[in-house]
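Each chain, letter by letter, is given below.
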Amino acid sequence: MIPLRFAVGQRVRVRAVFPPGHIRTPYYTRGCVGIIESLAGIDPNPEHLAYGHLGHPPVPLYRVRFHQPDLWPNYGGNLQDTVVVDIFEHWLEATAHA
Amino acid sequence: MPDHFHAHPEQPDIEDTPFTEHQVMAQALEELLIAKGFFTADAMRKGLEGMSTASPADGARRVGRFGEAAAFEERVLHSVNDTAMELSLHVGQIPIHAVKNTPQVHHVIVCTLCSCYPTALLGGSPDWYKSRAYRSRVVREPRAVLEEFGTHLPADIEVRVHDSTAERRYVVIPMRPEGTEGMTEAELAACVTRDCMIGTALPQVPQP
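**Regarding helix α1 (residues 21–35) of chain B**
Residue and element names in this part refer to chain B.
Right, so step 1: Under the 1.5 Å per step criterion, the end-to-end length of α1 is 21 Å for 15 residues, consistent within 8% with the ideal 21 Å.
Right, so step 2: Burial analysis of α1 places just zero of its 15 residues in the buried class, a small minority of the element.
Right, so step 3: Phi turns positive one or two residues past the end of α1, at Gly37, with a value near 80°.

Given below as structure tokens:
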């Protein structure tokens, strides 16, 4: 069993890095803070899979929920609105603050 | 000849444009896999046919069954793929996750990175779902986009957009509308359109 670095409800920041390659972490989430909504699964790493490798070792994939104003500072809707993005564990770091 | 002299623009056949590198690669791969006996041409055709005959009505059947059995709803939220088998639907290996609308939360589905969609359950995705406009706007101004679809949500409900960026697909289970008490599974399914299961529309009860 692959150990999980993050727990449901934990506050996490998406790493603000911009490597080349087949990346499944949307730009608009980089550097943003959200909370772990749930574990979506433990999946082959798409960044390796895309180049003919097997994607081993598999990586925990979390559903991370962001409040809209944390993604878009000028968000015009209800401030309770959210976006949930599937993000692989190696893109996340623990953070205490928003 | 009838008097038919105005020019018609020529509609190119698909073979009129040169094959792209990816078309050549896909064609070569297909021929190799068949030649080496991994699958037959007939199995491949059946697979393609299955994908293009999957339909939003299949997804709606599942929602319709909610009226019949609360236990079924619980199982759907646990695994769409497993419950599809109960309706004799084969929706493939890619996990499909159902999200259920409530009076507090309205869900909408998008894939901003490409156009991931629960094709095996709902059939091919609509063109607008693949457009840059929908993909870029629905994550940053979902309420404006929903308004353009004619979908008005109360200001106090949370709009929760799901960006399916990985090997997971999402489908929205709409709220059961008022006036559907006592409806059969088929009648309920008829209220649920494709867009309801993407989250850009709400189920409509047919007026008698």
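Back to the text.
**Overview of the interface of chain A and chain B**
Right, so step 1: Across the boundary between the two partners, chain A contributes 19 residues, which contact 21 residues of chain B.
Right, so step 2: Of all the elements in the fold, those that place two or more residues in the side of chain A that touches chain B are β2 (33–43) and β4 (82–88) of chain A.
Right, so step 3: If one sorts the elements of the side of chain A that touches chain B by residue count, β4 of chain A sits on top with five residues.
Right, so step 4: Its residues assigned to classes, the side of chain A that touches chain B comprises nine nonpolar, six polar and four charged.

**Structural notes on unusual backbone geometry**
Right, so step 1: Geometrically, the link from His56 of chain A to Pro57 of chain A is a cis peptide bond, its omega value of -5° lying close to zero.
Right, so step 2: Along the chain, the position of Pro57 of chain A falls in the loop between α1 (46–49) and β3 (59–67).

**Digging into the nonpolar core**
Right, so step 1: By size, the foremost hydrophobic cluster in this structure holds 55 residues, and its most contacted members are Val64 and Ile87 of chain A together with Val110, Leu121, Val171 and Val172 of chain B.
Right, so step 2: In contact with Val110 of chain B, other than residues within four places in its own chain, are Tyr134, Arg135, Val138, Val139, Val161 and Asp163 of chain B.

**So, the environment of Phe66 of chain A**
Residues and elements named next belong to chain A.
Right, so step 1: Relative to the helices and strands, Phe66 is located in strand β3.
Right, so step 2: For Phe66, a count of 24 C-beta atoms within 10 Å corresponds to the buried category.
Right, so step 3: Residues in contact with Phe66, not counting those within four places in the same chain, are Thr29, Cys32, Gly34, Leu71, Thr82 and Val83.

**Quick notes on the sheet that holds strand β1 (residues 11–14) of chain A**
Right, so step 1: Sheet architecture is open: seven strands sit in the order β5(A)-β1(A)-β2(A)-β3(A)-β4(A)-β3(B)-β2(B), paired in mixed fashion. Pairing within the sheet leaves two strands with one partner each, and these edge strands are β5 (92–94) of chain A together with β2 (105–110) of chain B. Sheet twist, expressed as the average angle between the axes of neighbouring strands with direction ignored, equals 35°.
Right, so step 2: Alignment of β2 of chain B against strand β3 (residues 158–163) of chain B, held across six bridges, turns out to be parallel. Bridging across to β3 of chain B, His107 of chain B finds its partner in Arg160 of chain B.

Basis of the calculations
Residues numbered from 1 in each chain as written. Chains lettered and ligands numbered in written order. Predicted model: local features only at pLDDT ≥ 70, side-chain atom pairs only at ≥ 80, totals over all residues. Helix = DSSP H or I, 4+ residues; strand = E, 2+ residues; numbered from the N terminus. Expected span 1.5 Å × (residues − 1). Buried ≥ 20, exposed ≤ 12 C-beta atoms within 10 Å, placed from the backbone. Contact = placed C-beta atoms within 7 Å. Nonpolar A, V, L, I, M, F, W, Y, C, P; charged D, E, K, R; others polar. Core = buried A, V, L, I, M, F, W, Y, C linked by C-beta atoms within 7 Å. Pairing = 2+ DSSP bridges. Axes fitted to C-alpha atoms, helices over the stretch in contact; angles between N-to-C directions.

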